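Listed below, chain by chain, are the residues.
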Amino acid sequence: MNQNITMPRSQDQVLATNKVLKNTYMLLSATLLFSALMAVVSIYLQMPPMVYLGAVIGSMLLGMFVLPRFANSTSGIGVIFLITGLLGFGLGAIITQYLALPKGPEIIGIAFAGTGIIFLSLSAYVLTSRRDFSFMGGFLFAGLITVVIAMVANIFLAIPALSLALSAAIILLMSGLILFDTSRIINGGETNYLMATYSLYLSIFNIFISLLQILGIMGDD
Amino acid sequence: MELFLKIGLAAVLLMLVWRLYPAAKEQMKNGPKGSSDDWKGLILPAVLLIGFVMLLIMMVRS
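Keep in mind that what you see is a predicted model, and the values were worked out from it rather than measured.

Q: For this particular structure, what's the right way to read helix α4 (residues 104-129) of chain A?
A: Each α-helix winds once per 3.6 residues, and so residues spaced three or four apart point in a common direction. An ideal rise of 1.5 Å per residue puts 38 Å on 26 residues; α4(A) measures up with 37 Å between its terminal C-alpha atoms. Burial in α4(A) covers these residues: A:G104, A:I107, A:I108, A:I110, A:A111, A:G114, A:T115, A:I118, A:F119, A:L122, A:S123 and A:V126. Among the structural elements, α1 (11-44), α3 (75-99), α6 (160-186) and α7 (193-218) of chain A together with α3 (43-61) of chain B are those in contact with the buried residues of α4(A). Count one or two residues on from α4(A) and you reach A:R130, which has phi positive near 55°.

Put into structure tokens, the structure is as follows:
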């Protein structure tokens, strides 16, 4: 029996859900633009690759310890911009490295377009089908933990084949998280647009980084 | 410097696992379970996604 049937909801609940969805997409657009701006600044300043590691560490600490404290206040918006700006600045350092490759600009353009198409297609799929993907939660969390542990090992082992496999797994997991998060928003499971934005932003960011890595490795003759 | 950053990143990622573990455990224990039809419904998007990434790789290689 299908346990994920969407229950009929009151007009108030539908309005509240639409408001969360609208606020999430507006904030997501603003953070992506800000992130791109920070990436341009970082490229202009020719930041070294280690800036990316520092930015990821800083943003993860902010996301784990600071954002949850401010998630229900307007200060949370500032924290979101701080996190996404930091990640954008770190991303600029990676893009600088890719720009130096023979096919670098092409790889960046394809990864950018690919990320946009993946995000828009998956979001459109959930928004039009109205399906509930909450059943994927356990699988996605378990997958994330497995991938993160493998990532920790590969920070020190630096095995290219494992990097490639991890990038592929991250694209699948983050795509699943886009389905999961969007369905949670439209079915009333997520009522905080700051946390929804943060989650969707991270999925988009990770898909872009993983696509860059896959295309960078596979595009090399 | 880079080694210290790598150690820092590994520590933060392990902290993330530590933070994710209770949520994962809760989701696996009490989260909604999908029917076989629910899981089958994911096959098409997954195949399209993999095909799309393959297409992007072919575009870069050509």
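What follows picks up the thread again.
Q: In this structure, what is going on with the confidence of the model for chain A? I would like to understand it.
A: When pLDDT is low, close inspection of the predicted coordinates is not appropriate. On average, residues of chain A score 92 in pLDDT, and 95% of them are at 70 or above. The lowest-confidence element of chain A is α1(A), averaging 93 in pLDDT; the highest-confidence one is α3(A), averaging 96.

Q: So what exactly am I meant to see when it comes to the nonpolar core here?
A: Generally speaking, nonpolar side chains in soluble globular proteins are found buried as a group. Grouped together as the largest cluster of nonpolar side chains are 79 residues, with contacts concentrated most on A:L211, A:L212 and A:L215. The biggest single contributor to this core is α7(A), with 14 residues. Looking at which domains feed residues into this core, each of domain 1 (1-31) and domain 2 (34-62) of chain B supplies at least three. If sequence neighbours within four positions are ignored, A:L215 has contacts with A:I107, A:I110, A:A111, B:L56, B:I57 and B:V60.

Q: What exactly am I supposed to notice about the domain arrangement of chain B here?
A: Interface size is often expressed as the accessible area that is lost when the parts come together. Along its sequence, chain B is carved into domain 1 (1-31) and domain 2 (34-62). If you average the C-alpha positions of domain 1 of chain B and of domain 2 of chain B, the two centres end up 27 Å apart.

Q: Hey, could you run me through the environment of A:L120 in this one?
A: All names here are of chain A. Here L120 shows up in helix α4. By relative accessible area, which is 58% here, L120 ends up exposed. Considered as a pair, L120 and I178 are 58 residues apart in the sequence and their alpha carbons are 9.8 Å apart.

Q: What's the story with the interface of chain B and chain A in this structure? I'm lost.
A: Across the boundary between the two partners, chain B contributes 40 residues, which contact 52 residues of chain A. For the pair chain B and chain A, the two sides together bury roughly 4,200 Å², of which 81% comes from carbon and sulfur. Summed over the shared surface of chain B and chain A, the result is one salt bridge. For B:D38, the salt bridge goes to A:R131, with nearest N and O atoms at 3.9 Å. A total of 20 residues in the side of chain B that touches chain A trace back to one element, the largest contributor, which is helix α1 (residues 2-30) of chain B. In the side of chain B that touches chain A, the residues fall into 28 nonpolar, six polar and six charged.

Q: What is the right way to look at the packing of α7(A) against α3(B) in this model?
A: For any two helices packed against each other, the geometry comes down to the angle between their axes and how far apart the axes lie. Running from N to C, α7(A) and α3(B) cross one another at 45°; their axes reach a closest spacing of 9 Å. Overall, the two elements α7(A) and α3(B) adopt an arrangement that is oblique. Handedness of the α7(A)/α3(B) crossing: right-handed. Residues A:L211, A:I214, A:L215 and A:M218 of α7(A) touch α3(B), and the partners they reach there are B:V53, B:L56, B:I57, B:V60 and B:R61. Looking at the contact of α7(A) with α3(B), its residues break down into eight nonpolar, no polar and one charged.

Cut-offs used in this document
- Residues numbered from 1 in each chain as written.
- Chains lettered and ligands numbered in written order.
- Predicted model: local features only at pLDDT ≥ 70, side-chain atom pairs only at ≥ 80, totals over all residues.
- Heavy atoms only, no water.
- Helix = DSSP H or I, 4+ residues; strand = E, 2+ residues; numbered from the N terminus.
- Expected span 1.5 Å × (residues − 1).
- Buried < 20%, exposed > 50% of the residue type's maximum accessible area, 1.4 Å probe, protein only.
- Contact = heavy atoms within 4.5 Å.
- pLDDT = per-residue confidence, 0-100.
- Core = buried A, V, L, I, M, F, W, Y, C linked by side-chain atoms within 4.5 Å.
- Domains from an automatic or database assignment.
- Buried area = accessible area lost by both parts, 1.4 Å probe.
- Salt bridge = Lys/Arg side-chain N within 4 Å of Asp/Glu carboxyl O.
- Nonpolar A, V, L, I, M, F, W, Y, C, P; charged D, E, K, R; others polar.
- Axes fitted to C-alpha atoms, helices over the stretch in contact; angles between N-to-C directions.
- Parallel < 35°, antiparallel > 145°, perpendicular 65-115°, else oblique.
- Left-handed = near helix turned anticlockwise from the far one by under 90°.

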